[in-house]
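Structure assessment
For reference, the chains in residue letters:
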Amino acid sequence: MALKDVLDLRIAIIGAGMGGLATALSLAKKGFKQIDVYESASNLGFVGAGIQLAPNMARILDRLGVWKDIEAEAVDLKSTSIRQGSTDEQLARVDLNYIREAYSYPHMVGHRSNLANSIYEGCKKEKAINFFFATAISEVKSYGPHPSFTAVPRKGGEPYNVECDVLLASDGVKSVVRDQLLKQTGVDAKIVDTGQAAYRIMLRRDEMEHDPELLKLIDSDAVTRWIGEKRHIIAYPIANKTIYNLSTVQPDRNFAAAPSATYTTKGDKSQMMEVFGDYCPMILRMLDLVKDGELCEWKLRVHEPLPFWTHEQTALVGDACHPTLPHMAQGAAQAIEDGAVLGVVLSKLPEASPEAIRKALKVYQDVRMDRAYRLVELAAANGRSLHLGEGAAKEERDRQFAALKEKKGGAVPDKWADADVQKMVYGQDVMKIADESFEELYAKA
Ligand SMILES: Cc1cc2nc3c(=O)[nH]c(=O)nc-3n(C[C@H](O)[C@H](O)[C@H](O)COP(=O)(O)OP(=O)(O)OC[C@H]3O[C@@H](n4cnc5c(N)ncnc54)[C@H](O)[C@@H]3O)c2cc1C
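These numbers come from a predicted model, not from an experiment.

Cut-offs and rules
- Residues numbered from 1 in each chain as written.
- Predicted model: local features only at pLDDT ≥ 70, side-chain atom pairs only at ≥ 80, totals over all residues.
- Heavy atoms only, no water.
- Disulfide = S-S within 2.5 Å.
- UniProt positions renumbered as here; feature names shortened; annotations may be inferred.
- Helix = DSSP H or I, 4+ residues; strand = E, 2+ residues; numbered from the N terminus.
- Axes fitted to C-alpha atoms, helices over the stretch in contact; angles between N-to-C directions.
- Parallel < 35°, antiparallel > 145°, perpendicular 65-115°, else oblique.
- Left-handed = near helix turned anticlockwise from the far one by under 90°.
- Contact = heavy atoms within 4.5 Å.
- Nonpolar A, V, L, I, M, F, W, Y, C, P; charged D, E, K, R; others polar.
- Near = heavy atom within 4 Å.
- Polar contact = N/O pair within 3.5 Å; in protein donor to acceptor, adjacent residues only side chain to side chain.
- Areas by Shrake-Rupley, 256 points an atom, 1.4 Å probe, with all protein chains shown as cover.
- Pairing = 2+ DSSP bridges.

Let's talk about the state of the cysteines
- With the rule as written, the count across this model stands at zero disulfides.
- The structure places no disulfide on C164, whose sulfur is separated from the nearest cysteine sulfur, that of C321, by 17 Å.

Now the structure itself:
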């Protein structure tokens, strides 16, 4: 077969979540000319919720030319306050002002839909990117040398076959591509039910401003975490402080009956008030502002680690290969890092052959896998530490919190706020690493 020009490769992306959008944009910015994105939903349809915009995410989005719009509406975090949920007593306050200087970008928080829409708008400006909404991928027929799959239009029409040169599956935690790939290669790895669920809540400023304590929260530049046994709430203002975003984590009581089908459901307000019933009156007043019928609950699931993310000319991206609990606020950031690294490695292909593509995808995996799985583990460990019940481990954790309060320094038990961990998470420039290590890794692939 004659070798085609690398930039003419036909690239198919499954899923237009954060991972799929960032992958499409990063490939277009590198000059690829045919990038087709298949999304089962009829539009982006993001749930109303906030999202943390960590510096490692901001750095990439800035290079992709979409950070300015996101930043304009986001809130710059100056500190984090970790508090006892039952009393509102502050266990530790950690200053985050240093982050902008240390990592060139601040740690911000924003609206999920603003993040997604800004990347989407960036994609729409690229002639190379075509979106196929309301089109679900049902079956991967081949993973290479020219991957092919069945696309099913959801609003009628016949299923059709798509062939491409590179298949990138960013189809989320429930990834059908991952499941088919694992079956095909005989790997036994499953979805893991974490036993945890999350309520996601957004309160409007006008709902909070009558209450001075609540007004102070929405006016702060802080992310506040209220912790308790097996539960916590994390909250921060978004959308220029017009919305206060809360995300909780608690034992999952509602999904056990439908473990495989459902990931989100309408939450029950009275159950939420019961779950956080021993939290302090101020928090209960805030939770009580949620309107009956407007509560959304998410089941939190992860996946057993995979031995590989790539097979022939196909690769998994984002939650499809490293779903991460929200306790480090890095899941979307890591999916975006995947997309950015794919842009770097595919643009460095020395030729457009299937073998070169296979090797470049292997470089992507080599650059990304250990880091992403480290964050998966850190997030799980952070949840365990924040959710400790009475006992020696909690005493030690609280001793460390107390040392911080007394300005004696040391590790922050909430790893999200620990400067050494932040250095590893925010300080690493994965695009640079991919660029600099490409030749060596490619030669070994
Ligand atoms: C409560 C909570 C809070 C979080 N907070 C943060 C945070 O603050 N910061 C952060 O960085 N991360 C956070 N995350 C994690 C983050 O939301 C995810 O890691 C991220 O959205 C994953 O992106 P993705 O593109 O891999 O998958 P998804 O966003 O799930 O996108 C997958 C897409 O694929 C589509 N799709 C699925 N199957 C098919 C198919 N067969 N055919 C076509 N399309 C298909 C879906 O419709 C979807 O649009 C949080 C997660 C939770 C649950």
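Past the structure itself, the notes keep going.
Details of the UniProt feature "domain: FAD-binding" (unreviewed entry) in the chain
- Under the present numbering, the feature "domain: FAD-binding" (unreviewed entry) in UniProt falls on residues 10–187 and 309–377.
- End C-alpha atoms of residues 309–377 are separated by 17 Å, and the span's content is 59% helix alongside 7% strand.

Overview of the packing of helix α12 (residues 354–386) against helix α15 (residues 430–444)
- Remark: α12 packs on α15, axes separated minimally by 10 Å, with the N-to-C direction vectors making an angle of 130°. The pairing of α12 with α15 is recorded here as oblique in orientation. Handedness of the crossing formed by α12 with α15: right-handed. Only V430, I433, A434, S437, F438, L441 and Y442 of α15 make contact with α12, whose side of the interface consists of A356, K359, A360, V363, D366, V367, R368 and R371.
- Broken down by class, the residue content of the contact of α12 with α15 amounts to 10 nonpolar, one polar and four charged.

Points about the site of the ligand
- Around the ligand sit 31 residues in total, of which G19, E39, R112, R200 and D319 are the nearest.
- Interatomic distance of 3.3 Å between a backbone N/O atom of G331 and a nitrogen atom of the ligand.
- Calculation on the ligand without its partners gives an accessible area of 1,000 Å², and the protein chains cover 85% of this total.
- Contributing elements (two or more residues each) for the shell around the ligand: α1 (18–29), β3 (50–53), β9 (135–142), β18 (296–303) and α11 (331–347).
- A breakdown of the residues in the shell around the ligand according to their chemical character gives 14 nonpolar, 12 polar and five charged.

Concerning the side chain of T23
- Position of T23 among the secondary structure elements: in helix α1.
- In contact with T23, not counting residues within four places along its chain, are I13, L168, V317, G339 and L342.

Looking at the sheet that holds strand β7 (residues 108–111)
- Pairing is antiparallel across the open sheet formed by three strands, whose spatial order is β3-β7-β4. Each end of this open sheet is capped by a strand with a single partner; those strands are β3 and β4 (75–76).

Re the environment of P323
- Along the polypeptide, P323 turns up in the loop between β20 (314–316) and α11.
- Through-space distance from the C-alpha of P323 to that of H303 is 6.4 Å; in sequence the pair is 20 residues apart.
- Ignoring sequence-local partners within four residues, the contact set of P323 consists of V173, R301, V302, H303, G318 and V376.

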